[in-house]
Amino acid sequence: MDTKKPRRLLPVIIICAAVLLIAAIVVAVIIITGSETDIVKGTHSHTSPLPALGAKVEASQDYVKVAESDNYILYYYEPRFSIRLENKKTGAVLDSTVSDEKDDGRNNASWTAYMKSGIVLTAIIGTLNTYQVDMNSVQNEISTWYTDNGIYAKIHFKGNYDFELGVEVALSGDDLTVRIPDESIAEHKEGTYISTVGVFPFLGYTYLDEQDGYMLVPDGNGALIYLDNKEGRYTTGFSGLIYGIDDGMTNRTATSTLWEHYETVTSANTVTAPVFGMAHTEDEQAYLGIVESGDERCSVEVVPNGVMVDYNRCFARFLLRDVFVQPLNQSNSGTVPAVEQDRLHSDLAVRYRLLSGENADYSGMANAYRSYLLDTGKIQKRDTSYNTRVDMLGTERESFLMGTVPVTMTTAGQVGDILNDLRGLGVQNILTVYKGWQSGGLYDVPVSSFGADGYIGGNSAVKDLVKQQAELGNTVYLYDDALSVNAATHSTTYNVMKMVNKRTFENKTHGQVYDTFYYLMPGRSSSDLAHLTKDISGAGIGNIALAGITGTLFSYSSKGSYYSRTDTMDIYEDAVSAADGSCNVIAERPNAYLWRYSDAFLDMPLSSSDYMYLDREVPFLSMVLKGVVPTYSDYVNFEANKKENFLQMVESGVYPSFYVAAEDSSKLIYTNSRNLYSLEYTSYRDTIVEYDTALRAIAEKTSGACIISHEVTDSGLAKVTYDNGVVIYVNYSGSAQSDGDVTVDALSYTVKGGE
Amino acid sequence: MQKLKRLAAALLSAVVICVALSVTAFADTPYVTYTINGYGQIRRTQTAYLAHSTVIKFGEESLAAPSDICLADDGLIYVADSGNRRIVVGTADGELVRIIGEGTLKNPRGVFVTADGSVYVADRDAERIFIFAPDGELTGEYGKPASPLYGDEVSFLPIKIVVNDAGIMFVVCESNTNGIVEISPTDGGTFLGYFGTNYAAVDLTTIIYRSILTDEQRAKMVSNIPATPTNLTIDGKGLIYTVTRGNENDTLKRLNIAGTNMIHNTDGTYADTPTSVAAGNHDNVYVADQQGYIFEYNNEGEMIFVFGGPDDGTQRVGLSTMVSGIAVDKNDRIYVLDSDKAQIQIYQPTEFTDLLHSALYLYSKGRYTEAKEPLTAILRMNSMFDYANKAMGRCYFREENYTEALRYARLAKDYTGYSDAYWEIRNVWLKNNIITVIIALVLLFVIIKLLKTLDKKKNILAAPRAFFGKVREKRFIDNFLYAFRFMKKPADTAYGIAAEGREGWLMPSLLLLIFMVEFVLNKYTCGFLMKGVMDGRYEILSDIGAIIAVVIAVTACTYLVCTINEGEGTVKKIYTAICYSLTPYIIFTPLVYLLSHVLTNNEIFLTTMLSILTYGWIAVIAFIGIKEVNNFTFWQTVKVLLLTAFTALILALLIFIIYVLWAQVFGFIGAVVGEGVYRLGY
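What counts, and at which threshold
- Residues numbered from 1 in each chain as written.
- Chains lettered and ligands numbered in written order.
- Predicted model: local features only at pLDDT ≥ 70, side-chain atom pairs only at ≥ 80, totals over all residues.
- Helix = DSSP H or I, 4+ residues; strand = E, 2+ residues; numbered from the N terminus.
- Rg over C-alpha atoms; globule rule 2.2 N^0.38 Å.
- Core = buried A, V, L, I, M, F, W, Y, C linked by C-beta atoms within 7 Å.
- Buried ≥ 20, exposed ≤ 12 C-beta atoms within 10 Å, placed from the backbone.
- Contact = placed C-beta atoms within 7 Å.
- Domains from an automatic or database assignment.
- Expected span 1.5 Å × (residues − 1).
- pLDDT = per-residue confidence, 0-100.
- Pairing = 2+ DSSP bridges.
- Arc of directions from axis to C-beta.
- Nonpolar A, V, L, I, M, F, W, Y, C, P; charged D, E, K, R; others polar.
- Axes fitted to C-alpha atoms, helices over the stretch in contact; angles between N-to-C directions.
- Parallel < 35°, antiparallel > 145°, perpendicular 65-115°, else oblique.

Asker: Residue-level account of the overall build of chain B, with values.
Answerer: When helices and strands are counted, chain B shows 17 helices and 27 strands. For chain B, the C-alpha radius of gyration of 34 Å lies well beyond 26 Å, the compact-globule estimate for 682 residues.

Asker: Give a description of the nonpolar core that names residues and reports values.
Answerer: All names here are of chain B. Formed by 338 residues in total, the largest nonpolar core has its most connected members in V171 and Y286. When neighbours within four sequence positions are excluded, Y286 is seen to be in contact with V277, A278, G280, I294, F295, E296, I326, V328 and I334. Judged by nonpolar contacts, the second largest core, of 27 residues, contains A494, I497, Y580 and A622.

Asker: Provide a residue-level description of the environment of I586 of chain A, including the pertinent values.
Answerer: All names here are of chain A. Relative to the helices and strands, I586 resides in strand β37 (residues 584-588). Here the alpha-carbon distance between I586 and Y214, two residues 372 residues apart in the chain, equals 33 Å. Setting aside residues no more than four positions away along its own chain, I586 makes contact with Y477, A545, S598, D599, A600 and L602.

Asker: Residue-level account of the domain arrangement of chain B, with values.
Answerer: Accessible area lost upon the coming together of the parts serves often as the stated size of an interface. Partitioning chain B into structural domains gives domain 1 (1-43 + 229-349) and domain 2 (461-658). Using only C-alpha atoms to locate each centre, domain 1 of chain B and domain 2 of chain B end up separated by 49 Å.

Asker: Help me get a handle on helix α9 (residues 462-473) of chain B, residues and values and all.
Answerer: In an α-helix, one full turn covers 3.6 residues, which means residues spaced three or four apart are oriented alike. The end-to-end C-alpha separation of α9 of chain B is 17 Å, in line with the 16 Å expected for twelve residues at 1.5 Å each. Taken across its twelve residues, α9 of chain B has zero buried, putting it largely on the surface.

Asker: I'd like to hear about unusual backbone geometry, residue by residue, with values.
Answerer: Here the residue pair V445 of chain A and P446 of chain A is connected by a cis peptide bond, since its omega of 0° sits within 30 degrees of zero. Checked against the element boundaries, P446 of chain A lands in the loop between β29 (430-435) and α5 (458-472). In the Ramachandran plot, E127 of chain B falls in the positive-phi region, its phi being about 55° despite a non-glycine side chain. Structurally, the position occupied by E127 of chain B is in the loop between β11 (119-123) and β12 (128-132). Phi is positive for D332 of chain B, close to 65°, though the residue is something other than glycine. With respect to the element layout, D332 of chain B can be found in the loop between β25 (323-328) and β26 (334-338).

Asker: A description of the confidence of the model for chain A should follow, citing residues and the corresponding values.
Answerer: In the predicted model, chain A carries a mean pLDDT of 90, and 95% of its residues have values of at least 70. Ignoring residues within four places in sequence, the model shows residues 1-5 of chain A, a span with pLDDT below 50, making zero contacts including any to other chains.

Asker: Explain the sheet that holds strand β33 (residues 516-519) of chain A to me, using residue names and the numbers behind them.
Answerer: All names here are of chain A. Reading across the sheet, the three strands line up as β31-β33-β32 and stay open at both edges, with antiparallel pairing between neighbours. Edge positions in the sheet fall to β31 (484-486) and β32 (507-508), since each of these pairs with one other strand and no more. In this sheet, β33 lies alongside β31 in antiparallel orientation, the contact comprising three bridges. Note that in β33 the partner of S484 across the bridge is Y519.

Asker: Please give an account of helix α12 (residues 506-525) of chain B that cites residues and values.
Answerer: All names here are of chain B. Taking 1.5 Å of rise per residue, 20 residues should cover 28 Å, and α12 covers 28 Å from first to last C-alpha, within 8% of that figure. Listed as buried for α12 are M507, P508 and L511. Taken end-on, α12 shows its buried residues confined to a sector of 95°, consistent with a single buried face. Opposite the buried face of α12, by more than 90 degrees, sit the exposed residues L506, L513 and T525.

Asker: Outline the domain arrangement of chain A, listing residues and values.
Answerer: Residues and elements named next belong to chain A. Parsing chain A into structural domains produces domain 1 (64-244 + 274-375) and domain 2 (388-752). The gap between the C-alpha centroids of domain 1 and domain 2 is 34 Å. Counting from both sides, the interface comprises 35 residues of domain 1 and, opposite them, 38 residues of domain 2. Counting residues per element, the ones that place at least two in the side of domain 1 that touches domain 2 are β14 (213-217), β15 (223-226), β23 (323-327) and α3 (362-375). Of the residues forming the side of domain 1 that touches domain 2, the biggest block, six residues, is contributed by α3. Taken together, the residues that form the side of domain 1 that touches domain 2 break down as 18 nonpolar, eleven polar and six charged.

Asker: Account for the confidence of the model for chain B, with residues named and values stated.
Answerer: All names here are of chain B. Within chain B, residue pLDDT values average 85, and 93% of them lie at 70 or more. Here residues 1-27 scores under 50 on pLDDT; set against residues more than four positions off or in separate chains, the count is 54 contacts. Predicted complex metrics record ipTM = 0.81 and pTM = 0.83.

Asker: Any details on the packing of α9 of chain B against helix α10 (residues 475-488) of chain B? Residues and values, ideally.
Answerer: Residues and elements named next belong to chain B. In contact at an axis separation of 5 Å, α9 and α10 are set at 85° when each is read in the N-to-C sense. Judged on the interaxial angle alone, α10 and α9 are roughly perpendicular. Contacts between α9 and α10 involve V471, R472 and E473 from the former and I477, D478 and L481 from the latter. For the contact of α9 with α10, the class distribution of residues is three nonpolar, no polar and three charged.

Asker: Pulling in residues and values, what's your account of the sheet that holds strand β27 (residues 343-349) of chain B?
Answerer: Residues and elements named next belong to chain B. One open sheet accounts for four strands, arranged β3-β27-β26-β25; its pairing is antiparallel. Looking at strand neighbours, the two that pair on one side only are β3 (49-55) and β25, the edges of this open sheet. Ignoring strand direction, the axes of neighbouring strands in this sheet form an average angle of 25°. Bridge count between β3 and β27: six bridges; the pairing is antiparallel. What sits directly across from V55, in β27, is I344.

Here it is, written out as C-alpha cells:
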C-alpha cells in the first residue's frame, strides 16, 4: 500500500505544476498587456489661469458700459449678471436676459427667474439633479472687476448650494468671449454639486415673431429654426450633446421594434461641430456661438418659442456632473441612482462671433467659423482636388458549423481590376477605402497589425495594390474601426471599456454572425492604432481610413478610477495626431477636435435628422469646409432619391461615394453585412462614370475655392457663390425656374462664371 | 400561430437585422424601409416613402383626437375631427375649405366622400349615419336597421363607413361581430345583410380543450367570438378591403361582391395592430398600424414595403404616436392621420417607389415590354429586390421569352412562375424532339429484340453472360447484390444476416456512403421546384455529420434495447440490417432526382408519391430486418422499436444535460479566472 502512494501523488504534482505554470503565464500576460493599457491621460491642457483683475465694477441698478470695441459696446448689469451688446453703427442690441418690459408675464416663478438670469445652473443634491440655481431665485453674492477688455465676475451661490464660480466676459474686436475658468469653480458642500451650467441662455433672444430671422442648429449638415410664431406646436427644442451621447453614462435603450424583431427607427445625427447661431435678419445682427472649451461635455440647446416659454433662444449648456444608474446585481433588476465621482475639469468657454450687415446670416456664420478654424489652426487647408470615392468590401464571415467561413467579396486583385476598368472609362483619381481587408474579415476587430486576409491575396497583394494604384493616381486607404472589439474573435477580458457604473459596455447589434461588440479602452485604441500605422507605413502603404474613434466619445471607468470624456478626447486626439504623423489619415464623420488631422471627411451628412421643429436645411458644414478639406458623401448605393441626392452634392460641393464589390451582394445575406443589399460593381459602373463626369466638371471650376454665400432665391433656386466668382444654381423643383437671366431646368443645375 | 411561426422562423434561420456598427449610414430619414424576399425573409431596402410635409392645422382650426381621414377625388382632405364633433375639410397645404356637421355630430368616427361629393359620416354616439351635401347641408340620416335580421339585441354603433357607386353603405359597427353592416339607401335604409364576416379561428388546441373540458370549464375559457373588422376601404373597382386586429392570416382581406376574401397570404407580414386601410392606384393596398408602421401590399397581399414607426420622443418627422387613419392620393402620396399628435403626415414616394409603381401600372395594363424598363432600373438600384425579379420574370413570360422568364423566376424564388415557364420550355423541347425520341425508342426496342432473337438462335450473348455469372460469384459483388435482395425479400435476407454470416462492416458502410452521396446530391442539385434549401447554400458537412450521428445512435439504441430484450442481434448485424434497409432510397432517389428536373408543378406529385413510397418501404424493411436479426416476434419488435425511440430521446436529453452542465462549469471557471485576474492584476 505504502509503495503505491507516491505514484498517486505524481499526477497531483503534475497538475499543480501545470496550474502554477498557467498562472505564471497569465500574470506575465497581464503585466505585458497591462503596461500597454496604461495610457489614461492625454497631453492637452483644457484650463487656463484666472485673468488679471483691474478695478471693481461699481454696483449699479442699471446697465453700465464695461467694454467697447470698434463696432460694439458691452454693457453689464450686475444683479442679474446680464450683458447687453450694442452695435455702434446700427444700434442693434443683443440682450442676454429678458428685460422686465419684454416679460409677457405668462410664466411661472421658476421660468421667470430663469429668463432673467445671465447664468443658470442645475444642482445635484443627493442623487436628484433637478434643482435650478439662478441669480434671482437663489441667494447669491456677486462681485465684478474690470479686466483688459471686459469684466470678471465672481459669483457665490449661497443657500442650500454654496457654489462659487467666476465668469470672464471679454469683448475684443467682433468677438465676445465668455469663460468660466476651471479653477474658479468650487463646490463647498459635500453631496451638493453643480450638474449643468448654462451661460447667457437667452443671449440674443426674441419674443415670438417680433424679429425676422432664424437660429442655426448643428444637426446633420446644418439646419435653421425660423423666428416665427410656432403657436405652441412643439414640446421640445433641439438639444444635442456635442460629439454624441455618452455611452459610458447612458444605457442604450432598445427602441421599439416591428414584430419584436426589426428595428425601424434610425438614430439621429451626431453634433460634430460645437456651434450654434442666432440671426436677426431684420436688424442685420447675428452671432455664431463656438464652444471653445468644455465642448467635450456640453450640449447645444436651440429652442423655439412655445417650448415652455414664448422666447426663441439658443445657448451652450455645459454638463459638469451627472447622475447615472448603478445596477446592484448581475441581472440589473435592482438599480440605484448614483452621482459621478468627479466633475468635468475644463474651462467652460464660448466665443460669440458677432456678425452684422450682410454678414448677419448663415453664410456669414459659415464664413466666420471657417476663418476661426483656420486662424486657430483647428483645421488645415488640405488638397481639395476632386476624387470619386469608390469603397470596396474585401471579406466578410458567415457561420458554419461551430465557427465561421469567409465570404470573399473583392480580392485585392479585383480591386485593382475595378479601378483599372474605371480608369479605362475615364474615371481618374479615385479614392478607395478598402473595408474588410484584415485577416478574419470586416468584423474581426480590433486590428492592431498589418495582416491582410489570405482570401483577398494576403499582405503582398494589398501592398502591390496600393503601390500600383498610387502610380496611376488612385489612393487606396485601409479601413480601421479602432473602437470596436468583437467578442467572438478577440479577448475582451482586459481592454474593453467599462461604463461609469463599472459594467462593461455592450453594443448589441442583432448581427447574423456576430452580435455583441464592445468598445476598446481609449488607451488600447491608441496603442493598437500606433502599432497598425507603424506596420502599414512600414509596408509602404501609409493610407488609413479611420472610423469608430473618430465620432465617439465616452466617460469610462478602469481599475476603480473614473475617466472623463476629456481624457478620452485627449487620448484619441493624440492617437490620431500620431497616426497623422506616419500615415495619410482620412476620417469617418470626425468630431471637430480631430478635424486638423484628417485629409478628408467621409460620410458627410447632406441633410438633417428630420426633427419636426426644423424649418429648413442648409449646407452649413459644407460651406465651412468646402475649399479647405474635401468631404465625401454617404454611399450613393442606398439612396432612394438619386436625383435629389445628386443635386445636394452639386449644391454642397460634397464628393460622391460608392460602395462596390466584385461579387454579388446576395452572397452577404448570412453575414453581418446583410443590409448591404446593392454592391455589385457591374450595377454601378455606369453610374460612377456619370457622377464622376458631372461632378468633376463642377469641381474643376470651383477648385480650391470656398463658398462665400448660399441663399435660396425667390423662385426657389439654391444659389451658391464661390469666392472665385463661380455661381451654382440648383433647382430641386419639378419645373424650370429662373433667377434674373439664369434659367435652370427641372431637377437640374447650372454653373455660371469661372470661365 | 402567426407569432409562433415568426418565432420559429427567427430561431431557425435567425432572420435578424444587423445594425452595422458605424459602417454604413443610410439616408437620413428617421426610419428604415423593409421588404420581403423570395424566401420570406424581411430585408432592408431603399427608403420607399419620404416624409414630405405635416398638416398641423387647417387655417386656424386645430384637430382634436381625429379618428378618420378620407380624400375626395378633387384632392380635398376630409377629417373626422372626433374631439371637436365635426368634419373638417381642407387642402394638403393646410388651407381650411369648410367645416361640416357642427352641432349635428356627436362623435364622428368615420367619414367617406363619394364621387359626387356627398359626405357620409359614421357617428358612434349618435348611433346614426349622417349624409351631407358637398356644401355641408344635412341631406339624410340612417339609424339602426329595423330589419329583424339585424338582431334586436345588437346595438348600432357605426365607426367606419364606405359607400359604393350604387349608394350602398358598408358600415363597421363597434362590438358587432356579425360583420360589416350593408345598408341600401332605398326606403329610408334597407338592411341588406352582413358582409365579409370574420370567423373565429378554431385551432387544434381549442378542439382538444373543448372535447375534454366540462361545460363549466369551457364557460371559463376566453370566449371564441369572431373579431369585428377594425376598418375598411373601397377601391375603384368596388372591391372592399378590411383590416381586422388579431385576425392572423386574415388581417387584411379583399372582398369581392359576394363577400369572399381573395387574398391568401401566409407570410405573416401583417400589422399587429392594424388601424386603417387604403386602396392604392396600382392594385396595391396600404395598411397603417396604430404604432406608426405603414405597410404596402400588392394585389395578392404580398408585402412590398413596410416603413415608419413609433416616435421615440425625439419629434422627428415621419414617426407617429397613434395612427388612426390612412389615405392615398392620385400621386401615391400617403396621408397618415395621427390622433395623438392631431396632425396629418404626408409621405411622398421616392424615385425607387415611383419606378415600382409605374412598373405595376404598365404590367396591369399588359404593357409588359414597357414594364421591363422601370423594373430594370429598380434591379439596378437593388438587385436583391425579389419583387422586381418576379415581375420581370412574369413580363418575359408574357413576352414568351421563357428562358429569361425562367431565370428571373428562379432569382425571385417564384415557384409558380418558374413552373409555368418551365412547362413552356419543356413543351417546345418536346415539340422539337418528339420524333427523335420516338425513333430512338423504337430503335432501342428493335435492337433489343434483335439481340434476343439472335441470342436464342446463335447464343451470341453466352460470353457476357458467363462473365457476369463469374462476377456475381465474387464475394464482394455478391454481398452488394444481396443488399438489394433485402428490398424484395427482407425476411429471407435478414435471416441471412442473422444466421448465414451475411453481416459485415464494409458493405453496409459502402451502402451508407452511397446513401449519403445521393442524399447530398439530391438535396442541393435537385430540380428548383423540389428544392428545400436556398440557392447557393451548402451545409454538406453538417448533413453528413447528421446522417452518421443518426445511424450510430439508432444502431446503438437498438442494440442496447434488443440486448436487454433477449434479442440475438449483434452490433454488426443490426448495423448491417439498418444500412441495408436504406436500399430503396438508393434505388429510387436517382429517379426522383431525374424527375425533379423535368416535372412542373402540375406533375410534381409524382415525385412526392415516389418519396413517400421510398420512406414507407424503408420503414417496413427496417422493421422486418430488426425483427429477423433478433429473432423477435412482431409485437416484440414493436415493443423494442418503441423502447428504442424512448432510449433515443433519453440519449438526446442526456447529451443536452451534459452539454449544459459543462457549459456551466466552463463558464464558472472562466468567471473565476477572469475575476481573479482582474482582482490580482489591479
